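The residues making up each chain are set out below.
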Amino acid sequence: MSPLVQLAAEEAENPLIPPIPELVIGLIAFVIVFGFLAWKLLPNINKVLEQRREAIEGGIEKAEAAQTEAQSVLEQYKAQLAEARHEAARLRQEAQEQGAELIAEMRAEGQRQREEIIAAGHTQIEADRKAASASLRQDVGKLATELAGKLVGESLEDHARQSRVIDRFLDELDEKAEATR
């Protein structure tokens, strides 16, 4: 074989270009496999992808709903907390006012009791002074009568006379005491 024939035969059998029957069979096999995949697998793949998309979107919606709910609960909690603080401040203020009022009432009651005790003490002192004065008058009267009886030399046992002498003597003592004041 001549080198030209050999070169022509080699060009006819180029490995990069497949023979036409193989090309047609490969193309038909490709279309069959692609059709089978498109007919059987593609709907399942699309279905799974759609389910995933819906699950993701549903999860996002649920997360947004949960976040919205959490935000509203947080706002309610903050409102309740503010209300509770306000109520506590109001109760504290009322307690302080009631305490001040109670203290004022207790002071007034103490003052009133003190005045009663002082008045009762003054009354008792006045009663004791009168009792002491009466007792002293009797004792002084007896002593004066005895002394006068000894001085005069006669008995002053007459009650009316004794009473007059004693009263006159004590009146003179009272006048002297008032004059010295």
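All of these numbers come straight from a predicted model, not from anything done at the bench. (Residues numbered from 1 in each chain as written. Predicted model: local features only at pLDDT ≥ 70, side-chain atom pairs only at ≥ 80, totals over all residues. Heavy atoms only, no water.)

Looking only at helices and strands, one finds three helices and zero strands in the protein chain. Considering the protein chain as a whole, with its 181 residues, one finds that 5% of them fall into the buried category. Total accessible area computed for the protein chain in this model is approximately 16100 Å², and 62% of it derives from carbon and sulfur atoms. (Helix = DSSP H or I, 4+ residues; strand = E, 2+ residues; numbered from the N terminus. Buried < 20%, exposed > 50% of the residue type's maximum accessible area, 1.4 Å probe, protein only. Areas by Shrake-Rupley, 256 points an atom, 1.4 Å probe, with all protein chains shown as cover.)

The grouping of Val33, Phe36, Leu37, Trp39, Leu41, Leu42, Ile45 and Leu49 at the surface amounts to a nonpolar patch, some 780 Å² of accessible area in total. Counting through the fold element by element, Phe36 comes out in helix H2 (residues 20-152). (Patch = residues over 30% accessible without salt bridge, like charges linked within 9 Å, V, L, I, M, F, W, Y side chains within 5 Å. Salt bridge = Lys/Arg side-chain N within 4 Å of Asp/Glu carboxyl O.)

Further remarks concern the pattern of salt bridges. Throughout the structure, instances matching the rule amount to eight salt bridges. Notably, a salt bridge pairs Glu50 with Arg53, separated by 2.1 Å at the nearest N-O pair. Within this pair, Glu50 and its partner Arg53 are both found in helix H2, separated by three residues, close to a single helical turn. Through salt bridges that share partners, Glu50, Arg53 and Glu57 make up one connected network.

Attention now goes to the environment of Glu126. Within the secondary structure layout, Glu126 lies in helix H2. Its relative accessible area of 32% is what places Glu126 among the partly exposed residues. In terms of polar contacts, Glu126 uses its side chain to reach the side chain of Arg129, at 2.6 Å. (Polar contact = N/O pair within 3.5 Å; in protein donor to acceptor, adjacent residues only side chain to side chain.)

Another point: the packing of aromatic side chains. Applying the stated criterion to the full structure yields one aromatic pair. An angle of 20 degrees between the planes, with centres 6.1 Å apart, marks the rings of Phe30 and Phe34 as stacked. Note that Phe30 and Phe34 are positioned in helix H2 at a spacing of four residues, about one turn of the helix. Cation over ring: Lys40 sits above Trp39, and NZ or CZ is 4.9 Å from the ring centre. (Phe/Tyr/Trp six-rings, centres within 6.5 Å; stacked < 30°, edge-to-face > 60°. Lys NZ or Arg CZ within 6 Å of the ring centre and 35° of its normal.)

Here the focus is the environment of Thr123. Note on placement: Thr123 falls in helix H2. Judged by relative accessible area, Thr123 falls into the exposed class, the value being 54%.

Taken together, Asp171, Glu172, Glu175 and Glu178 make up a surface patch of like negative charges. Along the chain, the position of Asp171 falls in helix H3 (residues 159-180). (Lys, Arg positive; Asp, Glu negative; His and termini not counted. Charge placed at Lys NZ, Arg CZ, Asp CG, Glu CD.)

Right, let's talk about the confidence of the model for the protein chain for a bit. The predicted model of the protein chain averages 83 in pLDDT, with 83% of residues at 70 or higher. Ranking the elements of the protein chain by mean pLDDT puts helix H1 (residues 3-12) last, at 58, and H2 first, at 88. (pLDDT = per-residue confidence, 0-100.)

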